[in-house]
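# Structural overview for review
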Amino acid sequence: MTDESFDDMTDESFDLRLRLLDRQVVDPDGAMICKVDDVELAPADGGGYVVTALLAGPLALGPRLPGRLGRWTVALARRWSDDPEPSPRRIPFERVTELGSAVVLDRSRDQLGIAGLEDWVRTHVIDRIPGSRHASE
Amino acid sequence: MKRLLSVFLGVLTAIGGFVDIGDLVANALAGARFGLSLVWVTVLGVVGICLFAEMSGRVAAVTRRGTFDLIRERLGPRAGLLNLVASLLVTVLTFTAEIGGVALALELATSVNYLLFVPVVGFAVWLVIWRLRFKVLENVFGLLGLALIVFPVALWKLNPAWGDLLHSIVAPHKPASEDLSTYLYYGVALFGAAMTPYEVFFFSSGAVEERWTAKDIATSRVNVFIGFPLGGLLSVAIAACAALVLMPAGIEVGTLGQVGLPVAVAVGKLGLAVAILGFVAATFGAALETGLSTGYSIAQYFGWQWGKFVRPRDAARFHVVVLLALIAAIACVLTTADPIKVTEYSIVFSAVALPLTYFPILVVANDPVYMGEHVNGRLSNALGTVFLGIIIVVAAAAVPLMLLTSAGQ
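Report follows, based on the coordinates. (Residues numbered from 1 in each chain as written. Chains lettered and ligands numbered in written order. Predicted model: local features only at pLDDT ≥ 70, side-chain atom pairs only at ≥ 80, totals over all residues. Heavy atoms only, no water.)

### Some words on the overall build of chain A
This is how the line gets drawn: Helix numbers and strand numbers start at the N terminus; a helix is a DSSP run of H or I with at least 4 residues, a strand a run of E with at least 2. Only protein chains enter the accessibility calculation, which uses a 1.4 Å probe; a residue whose area is less than 20% of its type maximum is buried, one above 50% is exposed, and one in between is partly exposed. We call two residues in contact whenever any of their non-hydrogen atoms come within 4.5 Å of each other.
Looking only at helices and strands, one finds 6 helices and 7 strands in chain A. When the elements of chain A are put in sequence order from the N terminus, they spell out α-α-β-β-β-β-α-α-β-β-β-α-α. Residue burial in chain A is summarised as follows: out of 137 residues, 39% are buried. Put simply, of all contacts in chain A between residues at least 6 apart along the chain, 46% involve residues at least 24 apart.

Structure (structure tokens):
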């Protein structure tokens, strides 16, 4: 949290919708993790709100989609989840090191443990095709 | 020296990469029916694609974000999703047309029914996307696509009255036998063919694939401002050849063979062979681009890892999307729907979808927080706004014109 522009942004109020929501989230190496599908807010000491976590996945995105489509997204995500009380994937805001054209975290996707569909598709589909572990030539 | 070489290579790739099945068919169709009276539309389309490709390349180089990433960010998840669905439909339709185009070109070369080639072509497309490095893929098919230079050569061999030719381009005159609505309908098709949205998805995502930074903006500009207009020149040559050979003979273009016919007349068998090579390369290259574009757009909307710069297992969902799109496209071609007709519809629907792609690019290229010193200048903005107006008019007119003319009959 040494980035000066980042400190500026936390001190002043800024347009959450324009500068945080729907941004790409990446790890320190630039690998893409998810979108900021929603945010978790908590009341701040001096009034107003602070962002406590970034939320991602269909359970976060679903409620922001219109009508039936949104409800179906949430319902499907609940059904497919192993968790009896499914909730959106949550990334604590402390993990964020930079807010720019992307939101940079200090951990990789595997370290955060928010794998989901990507891992399922990797083990069940992509890894079964020869050459999936090789970089392109 | 090395830098100069890479710039040169980039320009050549842009020339070959500009032309796809849509440009081949639309230009030959328009040339055979309307002579050179619609060339001004192609010129307009080339100016438009240069303008927005430069913008999207600049945005990608500065922010390292692809076009759909930004579309969702600016339009929000709802409008972004609507945009995604519409763009995907058009891109998969174009993907179908390109695969059909490769198969038709192979039929032209071998006289074996094109449907037999479709599974082979599909597998080849997948294998190249799965294994080949981005740079290699872009260069090989771009360079082979340069074989289409045989069209300007054929035009030169046909030895037309150049003065008259130029006059009919500069002072366009609709043939008296054609309705105004049909003329405008083909204008819309040509415009859609020149500005196909996937070109921008591919161009901006390609900039991220190749890890461009702000330093590469100059290279990008050279590629766009020299490569695309020269590619447009190939398109015009195709139209001119059709106007000189097919129009007087009263031939309406309904097959890929008819697109190549003027070359056979002017240059002979060898020329036709080169033209077919050009067809295969241009359509195969475009099949790769549209296939990748389906993956790029979905992955960028949802924030998944995408791209060929990582191993396939590190972009698992991206590769699954590309694979599914490929299966869908192959299935569409195998319905035996005429690929030339599919192409015609794909470019008209491209025209309908144009504002969805180009409006968000213009907005982001104007955001100083995002773009810093590389934000749009006055000229880019003025031209961008004018073109957005044109694009909206074209998009709104496309479907009514299609209904009014029964798709240009």
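Next comes the rest of the account.
### Digging into the interface of chain B and chain A
You'll often see interface size given as the accessible area lost when the parts meet. Heads up, the rule is: As a working definition, buried area equals the accessible area (1.4 Å probe) given up by two parts on being put together, with both sides summed. A side-chain nitrogen of Lys or Arg and a carboxyl oxygen of Asp or Glu constitute a salt bridge if their distance falls within 4 Å. Polar here means any residue other than Ala, Val, Leu, Ile, Met, Phe, Trp, Tyr, Cys and Pro, which are nonpolar, and Asp, Glu, Lys and Arg, which are charged; Gly is therefore polar.
Each partner contributes residues to the interface: chain B has 37 residues there, and chain A has 37 residues. Note on chain B versus chain A: buried area summed over both sides is about 3400 Å², and carbon and sulfur give 52% of it. Of all residues in chain B, the largest losses of buried area upon contact with chain A belong to Arg-131, Arg-313 and Arg-317 of chain B, amounting jointly to 21% of the total for that side. The interface formed by chain B and chain A holds 8 salt bridges in total. The partner of Lys-35 of chain A in a salt bridge is Asp-69 of chain B, with the nearest N and O atoms 2.5 Å apart. Elements supplying a minimum of two residues to the side of chain B that touches chain A: helix H4 (67–110), helix H5 (114–131), helix H13 (269–302), helix H14 (316–334) and helix H16 (368–371) of chain B. Of all the elements, H4 of chain B adds the most residues to the side of chain B that touches chain A, at 8 residues. Residues belonging to the side of chain B that touches chain A are distributed by class as follows: 17 nonpolar, 6 polar and 14 charged.

### Observations concerning the packing of aromatic side chains
Residues and elements named next belong to chain B. Cut-off, in case you're wondering: For this analysis, a ring pair means two rings from Phe, Tyr or Trp (six-membered ring only for Trp) whose centres lie within 6.5 Å, classed as stacked if their planes differ by under 30 degrees, edge-to-face if by over 60, and tilted for the remaining angles. Here, a charge over a ring means that NZ of Lys or CZ of Arg falls within 6 Å of the ring centre while also lying within 35 degrees of the ring normal.
Scanning the model with the defined rule gives 18 aromatic pairs over all chains in all. Taking 5.4 Å as the distance between ring centres and 55 degrees as the angle between the ring planes, the aromatic pair formed by Phe-68 and Phe-201 counts as tilted. Separated by 133 residues along the polypeptide, Phe-68 in helix H4 and Phe-201 in helix H10 (residues 197–209) bring together distant segments of the chain. Here the guanidinium or amino end of Arg-72 rests over the ring plane of Tyr-301, the centre of that ring lying 5.0 Å away.

### Brief notes about the layout of surface pockets
All names here are of chain A. So the rule is basically this: Cavities and pockets were defined on a 1 Å grid built over protein atoms only: a cavity is a set of grid points that admits a 1.4 Å probe from which the probe cannot escape, a pocket is an open set flanked by protein on both sides within 12 Å along at least five of seven lines, and lining residues are those with an atom within 4 Å of any such point. Grid points are joined across faces, edges and corners, and a volume is the space filled by probe spheres set on the points.
Computed from the structure, the largest pocket encloses a volume of approximately 1400 Å³. Around the largest pocket sit 33 residues that line it, and Pro-58, Ala-77, Trp-80, Arg-89 and Leu-117 are the ones nearest its centre. Looking at the lining of the largest pocket, the elements that each hand over two or more residues are strand E2 (32–35), helix H3 (58–61), helix H4 (67–80) and helix H6 (117–124). Broken down by element, the lining of the largest pocket gets its largest block of residues, 6 residues, from H4. Here the residues of the lining of the largest pocket are counted per class, giving 22 nonpolar, 5 polar and 6 charged.

### What about the sheet that holds strand E1 (residues 24–26) of chain A?
Residues and elements named next belong to chain A. Where we set the bar: Strands pair, by our definition, only if DSSP identifies at least two bridges between them. Note on geometry: axes are C-alpha line fits, over the in-contact stretch for helices, and angles between N-to-C directions span 0 to 180 degrees.
Strands sit in the order E2-E1-E7-E6 across an open sheet of 4 strands; the sheet is mixed. For this open sheet the edge positions go to E2 and strand E6 (96–99), each flanked by a neighbour on one side alone. Direction aside, neighbouring strands of the sheet carry axes that sit 25 degrees apart on average.

### Remarks on unusual backbone geometry
Residue and element names in this part refer to chain B. Of note in the backbone geometry, Asn-159 takes a positive phi value of approximately 50 degrees without being a glycine. With respect to the helices and strands, the residue Asn-159 is situated in the loop between helix H7 (150–158) and helix H8 (162–170). With phi around 45 degrees, Ser-406 is a residue other than glycine that occupies positive phi space. Here Ser-406 lies in the segment after helix H17 (378–404).

### Things to note about H14 of chain B
Stated formally: Here, expected helix span is obtained from the residue count minus one, scaled by 1.5 Å.
Taking 1.5 Å as the rise per residue, H14 of chain B with 19 residues should run 27 Å; its terminal C-alpha atoms sit 27 Å apart, in good agreement. Turning to H14 of chain B, its buried residues are Ala-316, Arg-317, Phe-318, His-319, Val-320, Val-321, Val-322, Ala-325, Leu-326, Ala-329, Ile-330 and Val-333 of chain B. Its buried side turned inward, H14 of chain B meets H6 of chain A together with H4, H5 and H13 of chain B. Thr-336 of chain B sits one or two positions beyond H14 of chain B and adopts a positive phi of about 65 degrees.

### Focus on the sheet that holds strand E4 (residues 49–56) of chain A
Residue and element names in this part refer to chain A. Strand order in the open sheet formed by 3 strands is E3-E4-E5, with antiparallel pairing between adjacent strands. Every other strand in the sheet has two partners, leaving strand E3 (38–43) and strand E5 (89–92) as the edge strands with one partner each. Ignoring which end each strand starts from, the neighbouring axes of this sheet average 35 degrees apart. Where E3 meets E4, 6 bridges bridge the pair, whose relative direction is antiparallel. Within E4, the position partnered with Val-39 by the bridge is Leu-54.

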